[in-house]
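Structural characterization, general
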Amino acid sequence: MDPIRSALELARTLSRLGHPAVLVGGAVRDLLLGRTPHDGDLATAAPPEALEALFPSLRRLDRPGGTTFLLPGPEGLLHETVSTFPGTLQDDLARRDLTVNALALDPRGLLLDPTGGREDLLAGRLRFTGEGADRLREDPLRALRLARFAAQLPGFAPTPDAVRCCREFAFPLGTLPPGRRGGELWRALGTDPARFLRWVRLLGLRDPFPELPPLPASAPPFLRRTCARTSDPVARAAALLETLPPRDPPAPAETLLSLGWPRGALRDLLALLSLPRDGEIPDTPAARRPLRQASPENLRRWLLLDSLRDAAPSPNRRALREAALRRLALPSRPSLSPKLAAHLEALPPDLRKEAGEAAQDRAFLEPGMGFEEALVHQLRALSPPRVDAMG
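Reading the values: the criteria
- Residues numbered from 1 in each chain as written.
- Predicted model: local features only at pLDDT ≥ 70, side-chain atom pairs only at ≥ 80, totals over all residues.
- Heavy atoms only, no water.
- pLDDT = per-residue confidence, 0-100.
- Contact = heavy atoms within 4.5 Å.
- Phe/Tyr/Trp six-rings, centres within 6.5 Å; stacked < 30°, edge-to-face > 60°.
- Buried < 20%, exposed > 50% of the residue type's maximum accessible area, 1.4 Å probe, protein only.
- Pairing = 2+ DSSP bridges.
- Helix = DSSP H or I, 4+ residues; strand = E, 2+ residues; numbered from the N terminus.

Some thoughts on the confidence of the model for the protein
- Model confidence for the protein is summarised by a mean pLDDT of 86, while 87% of its residues fall at 70 or above.
- pLDDT under 50 marks residues 384-391. Its contacts with residues more than four places away, or in other chains, come to 15 contacts.

In structure tokens:
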């Protein structure tokens, strides 16, 4: 069951039991934008003790701005649910960070919009609900969330008043719990990191991650190239960390763990960062051992990042790439059908090289996609009329 259907069914159940409930926040925003929501949060008038009696297995969450629980919906899906008791739904929406997140949808399909969020959605505005200074005093992390939403929502930008409030508030974000701050950075890596870094600077957010070397004011070319090739947050995180100034001693794994990044992704990230970079180690059996022990997913990430670095290649680079390709059982020079080879040869040399490298990257990163299929996609992007005949 999809999370919105599950959340609305849970809202109907609560309403039937005498506790009106509505879908709130980002799920409503994404539905109005035509995007697919990944979760469904609720707000309900039910007092906390009533929810605890109805759902003995619920879990209380540490969230600012209200008593929040994880409630089980149909088929085991969990939904973050805030109890507005003893206040009202209007009070809850008025306390939310941005107007585009202060929207609610009741189980009958009625949209509730007390702060003008729908109009701001149409205009691409990111505006605090009420007085921006009040929202920031309630939770200073909202300044960092504003930068993240500016990266997450294409075509949206904070209003001049929102920018002014953040710059004047100037709260030392580094003093907030690292897990909350790190969660925003991880989410930003899955959106548009270049825009995130830009808005961190424009909003005047100084040193929001003291656990790391200072973030750049704008995205370095290596990070931009990585983000253009893959949406994988592990590869993007590796590219970001690689471009930060070196710290002596390097940040231990416990530091990254404190940022609250998903444990599985963090494990992959640390293993990826331990793999050799061009020119770092000689081409010896011992030097190849980390590549032999790496997971297929990390080998694909390593091959992609290696192809995007602008450092001059060392003599061992080709041997290390060949070792990784053998480990993946992918051919380093894939054979092509005569028809596809002819299309490729018809391109200018620079486009031919670009198409081949991009197709290899896509084949490495997308399980089940062969090089030839990836090349067809790339050729269509470069010269649609000439490749349409390939079907």
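Remarks on the packing of aromatic side chains
- With the rule as written, the count across this model stands at 2 aromatic pairs.
- Ring geometry for Phe 169 and Phe 171: centres 5.8 Å apart, planes at 10°, overall stacked.
- Residue class for Phe 169 comes out partly exposed when judged on its relative accessible area of 24%.
- Judged by relative accessible area, which is 30%, Phe 171 ranks as partly exposed.

Section: the pairing of strand E5 (residues 78-83)
- Of the strand pairs in this sheet, strand E2 (residues 41-44) and E5 are connected by 3 bridges, and their pairing is parallel. Bridge pairing in E5 links Ala 43 to Val 82.
- In this sheet, E5 lies alongside strand E4 (residues 67-72) in antiparallel orientation, the contact comprising 6 bridges. Each residue of the ladder has a partner; that of Leu 70, found in E5, is Glu 80.
- Where E4 hands over to E5, the hairpin turn is made up of 5 residues, of which Glu 75 adopts a positive phi near 60°.

Thoughts on unusual backbone geometry
- With an omega of 5°, the peptide bond running from Phe 85 to Pro 86 counts as cis.
- Inspection of the secondary structure assignment puts Pro 86 in the loop between E5 and helix H4 (89-95).
- Here the phi dihedral of Ala 170 falls at roughly 50°; this positive angle occurs in a residue that is not glycine.
- Mapped onto the elements of the fold, Ala 170 is located in the loop between helix H8 (160-169) and helix H9 (178-189).
- Even without being a glycine, Asp 207 presents a positive backbone phi close to 50°.
- Residue Asp 207 is classed as partly exposed on the basis of its relative accessible area, which comes to 45%.

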